[in-house]
Amino acid sequence: MNKVMLIGNVGKEPEIKYYSTDQAVATVTLATTERGYTLPNGTSVPDRTDWHNVVMFRGLAKIAEKYIHKGDKIYVEGRLRYRTYDDQKGQRRYVTEIQCENLELLTPKSASHHGDNVSEDLGGESPVAPF
């Protein structure tokens, strides 16, 4: 089973690319943070923040373009994907991404003018907004 679930804050505005008239891909950077703590002996362990690349297709990409902004808190559910490419210098680069299948916007409407839940069936063309 390949399943990833993340809750975090969007690091910058989504990057949207249209590859045909009505088909889009959105890329979002998501920061997740594990809170620090203090050990019984007094040693302090600091917060740890990890950054994730999230890719959304079709209807979810359009939702990202319209409703997701830098600083928003979102829930992402999807699959872990790996890919490689050769950069301009000919060096092989490795990328780990989350291919988003379900998205929930967690930032309150008063803070960002949204709060919708959206999901996408992999075979479907458009997202479903159940709430």
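Structure first, text after, so check above.
These notes cover the structure that comes with them. Everything quoted here is computed from the prediction, not taken from an experiment. (Residues numbered from 1 in each chain as written. Predicted model: local features only at pLDDT ≥ 70, side-chain atom pairs only at ≥ 80, totals over all residues. Heavy atoms only, no water.)

What the chain contains, in helices and strands, is 2 helices and 9 strands. The order of α-helices and β-strands along the chain, N terminus first, is β-β-β-β-β-β-α-β-β-α-β. Taken across its 131 residues, the chain has 36% of its residues classed as buried. Intrachain contacts of the chain at a sequence separation of at least 6 include 54% that bridge at least 24 residues. When the accessible surface of the chain is split by element, carbon and sulfur atoms take 49% of a total near 8,600 Å². (Helix = DSSP H or I, 4+ residues; strand = E, 2+ residues; numbered from the N terminus. Buried < 20%, exposed > 50% of the residue type's maximum accessible area, 1.4 Å probe, protein only. Contact = heavy atoms within 4.5 Å. Areas by Shrake-Rupley, 256 points an atom, 1.4 Å probe, with all protein chains shown as cover.)

Let us now look at the pattern of salt bridges. With the rule as written, the count across this model stands at 9 salt bridges. Of the charged contacts, one joins D22 and K62 as a salt bridge, the two residues approaching to 2.6 Å between their closest N and O atoms. Highlighted residues: D22 in the loop between strand 2 (15-18) and strand 3 (24-34) and K62 in helix 1 (residues 58-67), separated in sequence by 40 residues. Residue classification places D22 among the partly exposed positions, given a relative accessible area of 46%. Note on K62: relative accessible area 28%, which makes it partly exposed. (Salt bridge = Lys/Arg side-chain N within 4 Å of Asp/Glu carboxyl O.)

Another aspect to go through is the layout of surface pockets. By volume, the largest pocket amounts to about 230 Å³. At the level of elements, strand 2, strand 3 and strand 6 (48-57) are the ones that each hand at least two residues to the lining of the largest pocket. With 3 residues, the single largest contributor to the lining of the largest pocket is strand 3. Within the lining of the largest pocket, the residues separate by chemical class into 2 nonpolar, 3 polar and 6 charged. (1 Å grid on protein atoms, 1.4 Å probe; cavity = no way out; pocket = protein on both sides within 12 Å on 5 of 7 lines; lining within 4 Å. Points joined across faces, edges and corners; volume = space filled by probe spheres on them. Nonpolar A, V, L, I, M, F, W, Y, C, P; charged D, E, K, R; others polar.)

Turning to the environment of L60, a few remarks are in order. Its place among the elements puts L60 in helix 1. According to the relative accessible area criterion, L60 is buried, its value standing at 0%. In this structure the C-alpha to C-alpha distance between L60 and C100, which are 40 residues apart in sequence, comes to 8.2 Å.

Our focus in this paragraph is the nonpolar core. In this structure, V54, M56, I68, I74, V76 and L103 are the most contacted members of the largest nonpolar core, which totals 20 residues. Counting residues per element, the ones that place at least two in this core are strand 1 (4-10), strand 3, strand 6, helix 1, strand 7 (73-86) and strand 8 (92-105). Residues in contact with V76, not counting those within four places in the same chain, are V4, M5, L6, L30, V54, I98, C100, N102 and L103. (Core = buried A, V, L, I, M, F, W, Y, C linked by side-chain atoms within 4.5 Å.)

The next thing to look at is the side chain of D72. Following the sequence through the fold, D72 ends up in the loop between helix 1 and strand 7. Buried and without a salt bridge, D72 has K73 as its closest oppositely charged side chain, separated by 11 Å. Polar side-chain contacts of D72 include one of 2.9 Å to the backbone nitrogen of H69. (Lys, Arg positive; Asp, Glu negative; His and termini not counted. Polar contact = N/O pair within 3.5 Å; in protein donor to acceptor, adjacent residues only side chain to side chain.)

With that settled, consider the pairing of strand 1. In terms of strand pairing, strand 1 meets strand 7 through 6 bridges, oriented antiparallel. Within the sheet, the bridge partner assigned to I7 lies in strand 7 and is Y75. Strand direction decides the pairing type here: strand 1 and strand 3, joined by 2 bridges, are antiparallel. The residue bridging N9 from the neighbouring strand is A31, located in strand 3. (Pairing = 2+ DSSP bridges.)

Coordinates in, geometry out; function isn't part of it.
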